[in-house]
Amino acid sequence: MKNDVIVSIENLHVNLMTTRGVVCAVRGADLDIKKGEIHGLVGESGCGKTMTSKSILRLHDEKRMLYEGSIKLRDSKGSIKDILQLPMNEVRKMRGSEVSMIFQDPVVSLNPLLTIGNQMVEMLRTHYQDMTKDQAKQKTLKLLDLVGIKPAAERYKQYPFEFSGGMLQRIMIAMALSCDPQLLIADECTTALDVTTQAQILDLMKHLQETIGMSILFITHNFGVVAEICDRASVMYAGKIVETSTVEDLFDHPKHPYTKALIESIPKSGRPGEKLVTIPGAPPSLVKPIKGCAFAERCQYANENCKCQQPEMIQVGPGHECACFLSEGKVE
Ligand code: SF4
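Because the structure is predicted, anything quoted here is derived from the model rather than measured.

Colleague: Before we move on, can you summarise the overall build of the protein chain with the specific residues and values?
Modeller: When helices and strands are tallied, the protein chain shows eleven helices and twelve strands. The C-alpha radius of gyration computed for the protein chain amounts to 21 Å, which stays within 12% of the reference 20 Å derived for 332 residues, consistent with globular compactness. The C-alpha extent of the protein chain, read off along each of the three principal axes, is 65 × 50 × 40 Å. Across the 332 residues that make up the protein chain, the buried fraction comes to 49%. For the protein chain, the proportion of contacts with a sequence separation of at least 24, taken over those separated by at least 6, is 64%. Computed over 39 positive and 40 negative side-chain charges, the inter-centroid distance for the protein chain is 4 Å.

Have a look at this one:
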């Protein structure tokens, strides 16, 4: 694990037992999240982004789920632990204090019968057992102020229904930051918001990352959002990372045909009547084993080699990696 990395995912497999058989939702993903960066994880719905990120916090039902590989975390004291090997009581301690997560719909994460202030105070006192009620209240007011919920002293007494979707997402961010995590995982956290509110939340996250210095893993299917907020990004397809690079390099010099197709499918003008570019075909089923490159059925460059061998991730430039035979010169 490199010194500037706080979470290193190596060869992660997540297999889900279903009535239809075993779904290989993540098929050997590799991902490094560096200290202080905003790292985008991008791909179509169902490609394994959420499965990968929830594995960092072990949020899956482990009776139906099988992990392989490792997820190493450099904790705030500097020791390196493999999260997949930790006993569950250690995992619970790590949640919130080392890594926290916010989701698309803040309403389902909040209790409608309790004020925002009470919920935050309760959560703080669960994490910090020697914290007094008054200390927790003061910390809550500071956090609300930090995320732009003002005047904090009045908003503290209000119930979730008294806030808009954007405000509730700010409250979720405040809660996620309350135990000073090193990594915040934001899973499609702006998808349900209108464009203006989405821009405000992205600005807030960028600002918080710059002032607090934490890392953010930003999960999205929207490449436009990646361009706005992320420093580096990884593209995921059918349970594997297929390309990783700085965002600048990814947009200027995309190497994988899937990344190129995703970039081409970003609406250019956003005006009514604009013809949208789509990627033909559909991702493969993850129930059956996939032979060869998972993108082969949709790729205009695919040859026989692509259909029987899996391309490995290789270095294609400084800090730029890609898993495609085109980059190896095996396909023209
Ligand atoms: Fe296309 Fe072959 Fe590259 Fe897969 S390995 S993306 S099929 S060129």
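Structure's up, so let's keep going.
Colleague: Explain the site of the ligand residue by residue, including any values.
Modeller: Neighbouring residues of the ligand: 13 residues in total, closest Cys-293, Cys-299, Cys-306, Cys-324 and Phe-325. Grouping the constituent residues of the shell around the ligand by class yields twelve nonpolar, one polar and no charged.

Colleague: Describe the pairing of strand S11 (residues 314-317), naming the residues involved and giving the relevant values.
Modeller: The sheet contact formed by S11 and strand S12 (residues 320-322) spans three bridges and is antiparallel. When the bridges of S12 are listed, Ile-314 appears paired with Cys-322. The antiparallel pairing of S11 with S12 creates a hairpin that spans two residues between the two strands, and Gly-319 there sits at a positive phi of about 65 degrees.

Colleague: Go over the pattern of salt bridges, please, and point to the residues and values.
Modeller: Opposite charge on two side chains permits pairing when their charged atoms draw close. Per the counting criterion, the structure on display carries eight salt bridges. The partner of Glu-62 in a salt bridge is Arg-58, with the nearest N and O atoms 2.6 Å apart. For Glu-62, a relative accessible area of 32% gives the class partly exposed. When the shortest N-O distance is used, the salt bridge between Lys-81 and Asp-75 registers 3.2 Å.

Colleague: How would you summarise the sheet that holds strand S2 (residues 21-34) if you had to cite specific residues and measurements?
Modeller: A sheet is described by the order of its strands in space; here four strands give the open sequence S2-S1-S4-S5, paired in antiparallel fashion. In this open sheet, the two strands that pair with only one neighbour each are S2 and strand S5 (80-82). When the angles between neighbouring strand axes are averaged without regard to direction, this sheet yields 5 degrees. Direction of pairing for strand S1 (residues 5-18) relative to strand S4 (residues 65-74): antiparallel, over a ladder of eight bridges. Bridge assignment links Leu-16 to a residue of S4, and that residue is Met-65. Its contacts with the sheet place helix H1 (residues 49-56) against S1, S2 and S4, and it is angled at close to 115 degrees to S1.

Colleague: An account of the packing of helix H3 (residues 116-127) against helix H4 (residues 133-146) is requested, with residue identities and associated values reported.
Modeller: One way to put it is that H3 packs onto H4 with a least axis distance of 9 Å and a crossing angle of 120 degrees. At the point where H3 passes H4, the crossing takes the right-handed sense. Contacts between H3 and H4 pair Ile-116, Gly-117, Met-120, Val-121, Leu-124 and Arg-125 from the former with Lys-133, Ala-136, Lys-137, Lys-139, Thr-140, Leu-143 and Leu-144 from the latter. Here the contact of H3 with H4 is composed, by residue class, of seven nonpolar, two polar and four charged.

Colleague: Run through the domain arrangement of the protein chain, naming residues and quoting values.
Modeller: For interface size, the figure often reported is the accessible area lost on association. Domain boundaries in the protein chain define domain 1 (5-98 + 181-197 + 211-291) and domain 2 (111-180). On a C-alpha basis, the centres of domain 1 and domain 2 stand 28 Å from each other. Across the boundary between the two partners, domain 1 contributes eleven residues, which contact nine residues of domain 2. Counting the surface lost from both domain 1 and domain 2, the interface buries some 750 Å², and carbon and sulfur atoms represent 73% of this. Counting every contact that joins domain 1 to domain 2 gives zero salt bridges.

The rules behind these values
- Each chain carries its own residue numbering, running from 1 in the written order of its sequence.
- Given that the model is predicted, a residue must reach a pLDDT of at least 70 before its local features are reported, and side-chain atom pairs must reach 80 or more before they are shown or counted; all residues, however, enter totals for whole chains, interfaces and linings.
- As a rule here, side-chain values cover all heavy atoms of the structure and leave hydrogens and water aside.
- Labels follow the DSSP assignment, with helices taken as runs of H or I lasting at least four residues and strands as runs of E lasting at least two, numbered in each case from the N terminus.
- Note on method: radius of gyration uses C-alpha positions; expected globular size equals 2.2 Å times residues raised to 0.38.
- Each residue is assigned to one of three classes by its accessible area relative to the maximum for its type, calculated with a 1.4 Å probe on protein chains only: buried under 20%, partly exposed between the two thresholds, exposed over 50%.
- For this analysis, residues touch if any pair of their heavy atoms sits within 4.5 Å.
- When charges are counted, Lys and Arg are positive and Asp and Glu negative, with His and the chain ends excluded.
- Think of each charge as sitting on NZ of Lys, CZ of Arg, CG of Asp or CD of Glu.
- We call a residue near a given molecule or strand whenever any one of its heavy atoms falls within 4 Å of it.
- Amino acids outside the nonpolar list (Ala, Val, Leu, Ile, Met, Phe, Trp, Tyr, Cys, Pro) and the charged list (Asp, Glu, Lys, Arg) are all regarded as polar, and Gly is one of them.
- Strands pair, by our definition, only if DSSP identifies at least two bridges between them.
- Salt bridge, as used here: a side-chain nitrogen of Lys or Arg that lies within 4 Å of a carboxyl oxygen of Asp or Glu.
- In this analysis an axis means a line fitted to C-alpha atoms, helices contributing only their contacting stretch, and an angle means the value between N-to-C directions, from 0 to 180 degrees.
- Note on convention: near helix rotated counterclockwise from far helix by under a right angle means a left-handed crossing. Clockwise means right-handed.
- Marked domain ranges trace back to an automatic or database domain assignment.
- Accessible-area loss on putting two parts together, using a 1.4 Å probe and summing over both, is the definition of buried area adopted here.

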